[in-house]
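# Overview (structure and organization)
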Amino acid sequence: MAVAQGPDRRGTAVDPSGELRGLAGDCVHCGFCLPACPTYQLWGEEMDSPRGRIHLITQVLDGAPGTAATAAHLDRCLGCMACVTACPSGVRYDRLIEAARGWSGDDPAAAPPAPFATPLPARSRRDRALRAAIFALFPYPRRLRAAIAPLRAAQRTGADGLIDRGGLAGRLPAELAAALRLAPAPPPGRGAPRRGLPERVPARGPRRAVVGMLTGCVQRVFFPQVNAATARVLAAEGCDVIIPAGQGCCGALSLHGGRRAEAARFARRTIEEFERAAVDAIVVNVAGCGSAMKEYAELLADDPGWSERAAALAGQVRDLSEYLAGLGPGAPRHPLDIAVAYHDACHLAHAQRITAQPRELLAAIPGLRLAPIPDGGTCCGSAGIYNLVQPEPARELGQRKATAVAGTGADLLVTGNPGCAMQITSALAARGTPMPTAHIAEVLDASLRGRPASALLA
């Protein structure tokens, strides 16, 4: 990547190569990003738009002291990347905002910063504690499963409803109340195995490919039925599915949160696990994870021992819908008499540019009707950890999305990301218009197995 040179684009302690300053200089301040940005839609504030945030980042890169207001505007960005697809100049806003998120010195895996290399003020003690708890919990499925055990018990007894009925939500910190509302109850009858998935699921019929499958962190804990459906769909389409038992977090949450050193540590482990699997492709059913894994080459570009391995693995990564659309159907689809509202997850639509393939797969199911969501490309407010650390704007965006989804009159909401599923399901319930939600893998699985549409609505 060429880096602009000149006296106004010198390297600094926070940007020694001048790369970030060069990327920021690509912005011509045209304003095409403004209507695409959810936070600009909410507040109409220039500094809460991509163009405004790039201006703030440029000021810091040019040596201006970062202020608490600067940090707040940067933190209020969802990282949804809608501006990236809207930008006619191809500005790498994703790279800029991820770097800026690391300027508060939150990444425990990073080397101690050089003087003035963390130009933003340190976060409050409360904010640091919250973020530390999130990143110590969510990338580790065993810890996450243990942490939610009391909530699962409350859900089984109905006591979780006291959060709102008893006014408890008003007495809890907003972030904790938001987290409790988001946590889904285990869905009945969706085919999740009780003891996890085997390391190999053989193809049904003639083998067409050997693929690896990422099981994820939140997906594995909250939506195991989605992983089971994904494996069945791939096997039905003639794939031997390899599911490495030693895989852990892919690093997506850390990467998109500006913790690049931590993300690189997760990436190296993921690369090792899937290298041993020796597969033709790596199929991912979580939009954020697929986006991060496709960025491994860039993440580890400066690591001589890993750069080539990272590039090789990144080239194998495919989203589930992307892979199936490329593979082509091999098994017959059975009818599903159902109206579906398909929601574009941001890291699928904007980061990976995958929008047509999921719709093509759904439209190929006999009897299934697609109900378009108005302004469907706007973020639902989930955005990784955003709905935990910025609960109020996330709630407002969730309400807007829920209103649009409810207005479709669909029977079922379908998406390709667990965070989106939790966010929109919670928002629909809050407005009194609950709607069943499923991953696209579950819909395809129901059609391939000849199950009734009612199975998806349970």
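Here, the structure is the one placed above.
Okay, so let's go over this structure.

What counts, and where the lines are drawn
Residues numbered from 1 in each chain as written. Predicted model: local features only at pLDDT ≥ 70, side-chain atom pairs only at ≥ 80, totals over all residues. Heavy atoms only, no water. Pairing = 2+ DSSP bridges. Helix = DSSP H or I, 4+ residues; strand = E, 2+ residues; numbered from the N terminus. Contact = heavy atoms within 4.5 Å. Axes fitted to C-alpha atoms, helices over the stretch in contact; angles between N-to-C directions. Phe/Tyr/Trp six-rings, centres within 6.5 Å; stacked < 30°, edge-to-face > 60°. Lys NZ or Arg CZ within 6 Å of the ring centre and 35° of its normal. Salt bridge = Lys/Arg side-chain N within 4 Å of Asp/Glu carboxyl O. Buried < 20%, exposed > 50% of the residue type's maximum accessible area, 1.4 Å probe, protein only. Polar contact = N/O pair within 3.5 Å; in protein donor to acceptor, adjacent residues only side chain to side chain. Parallel < 35°, antiparallel > 145°, perpendicular 65-115°, else oblique. Left-handed = near helix turned anticlockwise from the far one by under 90°. Nonpolar A, V, L, I, M, F, W, Y, C, P; charged D, E, K, R; others polar. Expected span 1.5 Å × (residues − 1). Disulfide = S-S within 2.5 Å.

We now examine the sheet that holds strand β3 (residues 239-242). Overall, mixed pairing links the five strands, which are arranged β1-β3-β2-β4-β5 in an open sheet. Strand pairing shows two members of the sheet lacking a second neighbour, β1 (200-201) and β5 (317-319), which therefore form its edges. Direction of pairing for strand β4 (residues 281-284) relative to β5: parallel, over a ladder of three bridges. Each residue of the ladder has a partner; that of V284, found in β5, is D319. Helix α16 (residues 287-294) contacts β4 and β5 of the sheet and is inclined by roughly 155° relative to β5. With respect to the sheet, helix α19 (residues 320-327) is in contact with β2 (209-213), β3, β4 and β5, its orientation differing from that of β5 by roughly 95°.

Turning our eyes to something else, we now look at the packing of aromatic side chains. Going through the model one piece at a time under the given rule, you end up with one aromatic pair. A cation over an aromatic ring shows up here: R265 above the ring of F266, its NZ or CZ 4.9 Å from the ring centre. Lying across the ring of W306, R309 places its NZ or CZ 4.1 Å from the centre.

What follows concerns the pattern of salt bridges. In total, this model carries 27 salt bridges according to the counting rule given. Of the charged contacts in the structure, one is a salt bridge between R395 and E392, with a shortest N-O distance of 3.0 Å. Of this pair, R395 and E392 both sit in helix α23 (residues 391-406), separated by three residues, roughly a single helical turn. For R395, a relative accessible area of 42% translates into the label partly exposed. Owing to a relative accessible area of 44%, E392 belongs among the partly exposed residues under this scheme. In this structure, D445 and R449 form a salt bridge, with 3.0 Å as the shortest nitrogen-oxygen distance. Residue D445 and its partner R449 are both found in helix α25 (residues 440-449); the two are separated by four residues, about one turn of the helix.

The subject of this paragraph is the environment of R200. Among the structural elements, R200 can be located in strand β1. Taking relative accessible area as the criterion, R200 reaches 44% and is therefore assigned partly exposed. Residues R200 and D240 lie 40 residues apart in sequence; the distance between their C-alpha atoms is 7.1 Å. Apart from the residues within four sequence positions on either side, R200 is in contact with R207, D240, V241 and I242. Here the side chain of R200 touches D240 through a polar contact of 2.6 Å, side chain to side chain.

Another point: the pairing of β3. Residues C239 and V241 line one face of β3 and the alternating positions D240 and I242 line the opposite face, and both faces are buried. Alignment of β1 against β3, held across two bridges, turns out to be antiparallel. Across the sheet, the residue bridging to V201 is V241, located in β3. Pairing of β2 with β3, which is carried by four bridges, proceeds in the parallel orientation. Bridge pairing in β3 places V211 opposite V241.

The contact between helix α13 (residues 224-236) and α25 brings their axes to 8 Å, and the two run at 50°. One element, α13, and the other, α25, form an angle in the oblique class. The element α13 and its partner α25 pack so that their crossing is left-handed. In contact with Q225, V226, A229, T230, R232, V233 and A236 of α13, α25 contributes A441, E442, L444, D445, L448 and R449. Here the residues of the contact of α13 with α25 sort into seven nonpolar, two polar and four charged.

An ideal rise of 1.5 Å per residue puts 22 Å on 16 residues; α23 measures up with 22 Å between its terminal C-alpha atoms. Listing the buried residues of α23 in full gives P391, P393, A394, L397, G398, K401, A402, A404 and V405.

On to unusual backbone geometry. Not every positive phi belongs to a glycine, and H29 is a case in point at roughly 60°. One can find H29 in the loop between α1 (19-24) and α2 (38-43). Accessibility expressed as a relative area gives 43% for H29, which makes it partly exposed. Notably, R353 is not glycine yet its phi reads approximately 60°, a positive angle. Summarising the element assignment, R353 is placed in the loop between α20 (346-349) and α21 (356-363).

All right, on to α16 then. For α16, a buried count of seven out of eight residues is recorded, marking the element as mostly surrounded by other parts of the structure. Looking only at α16, the buried set comprises A287, G288, C289, G290, S291, A292 and M293.

What the rule picks out here adds up to zero disulfides. Considering cysteine sulfurs only, C30 is the nearest to C87, which forms no disulfide, with 5.9 Å between them. Cysteine C380 is unpaired, with the sulfur of C420 as its nearest cysteine sulfur at 4.0 Å.

Let's shift gears to the sheet that holds strand β7 (residues 368-370). Pairing between the strands of a sheet comes from backbone hydrogen bonds, and it takes one of two forms, parallel or antiparallel. The four strands lie next to each other as β7-β6-β8-β9, forming an open sheet whose pairing is parallel. Looking at which strands have only one partner, the edges of the open sheet turn out to be β7 and β9 (437-439). The sheet shows a mean angle of 35° between the axes of neighbouring strands, taken without regard to direction. In terms of strand pairing, strand β6 (residues 338-342) meets β7 through three bridges, oriented parallel. Note on β7: the bridge partner recorded for I338 is L368. The strands that α25 touches are β7, β8 (412-415) and β9; relative to β9, the one it contacts most, it runs at about 80°.

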